[in-house]
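Residue-level structure breakdown
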Amino acid sequence: MRITGISTHVVGTPWRNLTYVQVHTDEGITGVGETRMLGHTDALIGYLREAEANHILGSDPFAVEDLVRRMKYGDYGRAGEIVMSGIAVIEMACWDIKGKALGVPVWQLLGGKVTDKVKAYANGWYTTERTPEAYHKAAQEVIARGYKALKIDPFGTGHFELDHDATLYSVSLIEAVRDAIGPDAELMLEMHGRFSPATAVRLARELAPFKPAWLEEPVPPENLKALEKVAAKVDIPVATGERIHDRIEFRELFESQSVDIIQPDVGHIGGIWETRKLAATAEAHYVLVAPHNVGGPVLTAASLQVGFTSPNFKILEHFNDFADAEIKKVVKGAPQVVDGYFHLSDAPGLGVELDTDAAAEFPQQQARFDLWADGWEQRKPKGSK
């Protein structure tokens, strides 16, 4: 079997463009991959056009390791977000092809299942007025849908510091959310790399009574020493990793012992097998895995293949029941959350199929997501409807 070409389809919303890539073969089997780029969608498609000619055409889709190696190192330049995302969409499509050809789900090819279900946590649910009352109501609706976990960044446009009034208001939002979801649901606290170490530590202590399940990206990701400083002073588990695009770059993070949960994005770190390798390394350091997942149904399905096969997999992020949920229709067989969990599927490959006609109903947009702009949490950038 050989790859005969690829085709790209961009599904657009005001705040995110989802890039779907189909990989076609000479035996008529087509696989699909997906990633979500922030402001780099055209760059990704440009890279894929060159990679198709240089590396992909004529390749054996069963030889996933070889294709990834050639795409990553064959151009000599150091691979970053765009290249690793391009590798990811091709890689997961190859696994999809392989599973379809053999009539088995991808998780079976990764060593088999270690669980029948993966816990989900909701994100994108607080696209409402930024008040305790509105957040209380929205959080109740999440729980009513069966979710047992959710995540929130309550800090507005906070950057490095957060003054006294803004701190009190952020605490009031979290107090409202915890009251709405009860004591048993997991509440993930997102900081989006906003703060200095001192501010992150202070906020973590202010919010500790509400039992956060983790403290996510408390400081900008570039400075590991800053993260170590936070981890040494808080009792809440620390999570990070969505903006690391090469599993090798997690080495220093593991050695520092400053992280309890890593959050690789399957769509940015080279795909399913690269993430599974990283999960195995994390397991050796007693670290849990909870992938960043702001993609649509294909990226969710790909992330779940890692989840079903990794003993140290904690939970998977899910936007698609809340923020622009209508995009779920672009994929047949989209994973669904039932009673707070994704359940194992025996469908061959990734178990999903891209509906290109439905995808065409969501043309690419000038999607914007600015975490420093007022009202960013509503995911309705200026100029959008």
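Residues numbered from 1 in each chain as written. Predicted model: local features only at pLDDT ≥ 70, side-chain atom pairs only at ≥ 80, totals over all residues. Heavy atoms only, no water.

1. A few points about the sheet that holds strand β1 (residues 3-12)
Across the sheet, 3 strands lie side by side as β1-β2-β3; this open sheet has antiparallel pairing. Strands at the two margins of the open sheet, each flanked by one partner only, are β1 and β3 (30-37). Geometrically, the sheet is characterised by an average inter-axis angle of 20° between neighbouring strands, direction not taken into account. (Pairing = 2+ DSSP bridges. Helix = DSSP H or I, 4+ residues; strand = E, 2+ residues; numbered from the N terminus. Axes fitted to C-alpha atoms, helices over the stretch in contact; angles between N-to-C directions.)

2. Observations concerning the pairing of strand β2 (residues 17-25)
Extensive coverage of β2 is indicated by the burial of 8 of its 9 residues. As paired elements, β1 and β2 share 9 bridges and run antiparallel to each other. Across the sheet, residue Val-10 finds its bridge partner in β2, namely Thr-19. In this structure, the hairpin formed by β1 and β2 is closed by a connection of 4 residues. The pairing of β2 with β3 spans 8 bridges and is classified as antiparallel. From the neighbouring strand, Asn-17 faces β3, where its bridge partner is Met-37. (Buried < 20%, exposed > 50% of the residue type's maximum accessible area, 1.4 Å probe, protein only.)

3. Brief notes about the domain arrangement of the chain
Interfaces are frequently sized by the accessible area removed from exposure as the parts join. Partitioning the chain into structural domains gives domain 1 (1-103) and domain 2 (106-348). Taken residue by residue, the interface counts 32 residues in domain 1 and 33 residues in domain 2. Both sides of the domain 1 and domain 2 interface together cover about 2500 Å² of buried area, and 61% of this is carbon and sulfur. Put simply, domain 1 and domain 2 have 4 salt bridges between them. Residues Glu-249 and Arg-78 are paired through a salt bridge, measuring 2.8 Å at the closest nitrogen-oxygen approach. Between domain 1 and domain 2 we count 21 residue pairs in polar contact (both at pLDDT 80 or more) in total. Counting only elements with at least two residues in the side of domain 1 that touches domain 2, the list comes to β2, β3, α2 (64-73) and α3 (81-102). Tallying contributions element by element places α3 first for the side of domain 1 that touches domain 2, with 13 residues. (Domains from an automatic or database assignment. Contact = heavy atoms within 4.5 Å. Buried area = accessible area lost by both parts, 1.4 Å probe. Salt bridge = Lys/Arg side-chain N within 4 Å of Asp/Glu carboxyl O. Polar contact = N/O pair within 3.5 Å; in protein donor to acceptor, adjacent residues only side chain to side chain.)

4. Overview of the packing of α2 against α3
As a packed pair, α2 and α3 sit with axes 10 Å apart at the nearest point and diverge in direction by 165°. Considered as vectors, α2 and α3 are oriented roughly antiparallel to each other. Considering the relative orientation of α2 and α3, their crossing is right-handed. Of the residues in α3, those in contact with Val-64, Leu-67, Val-68, Met-71 and Lys-72 of α2 are Val-83, Met-84, Gly-86, Ile-87, Ile-90, Glu-91, Cys-94 and Trp-95. Its residues assigned to classes, the contact of α2 with α3 shows 10 nonpolar, 1 polar and 2 charged. (Parallel < 35°, antiparallel > 145°, perpendicular 65-115°, else oblique. Left-handed = near helix turned anticlockwise from the far one by under 90°. Nonpolar A, V, L, I, M, F, W, Y, C, P; charged D, E, K, R; others polar.)

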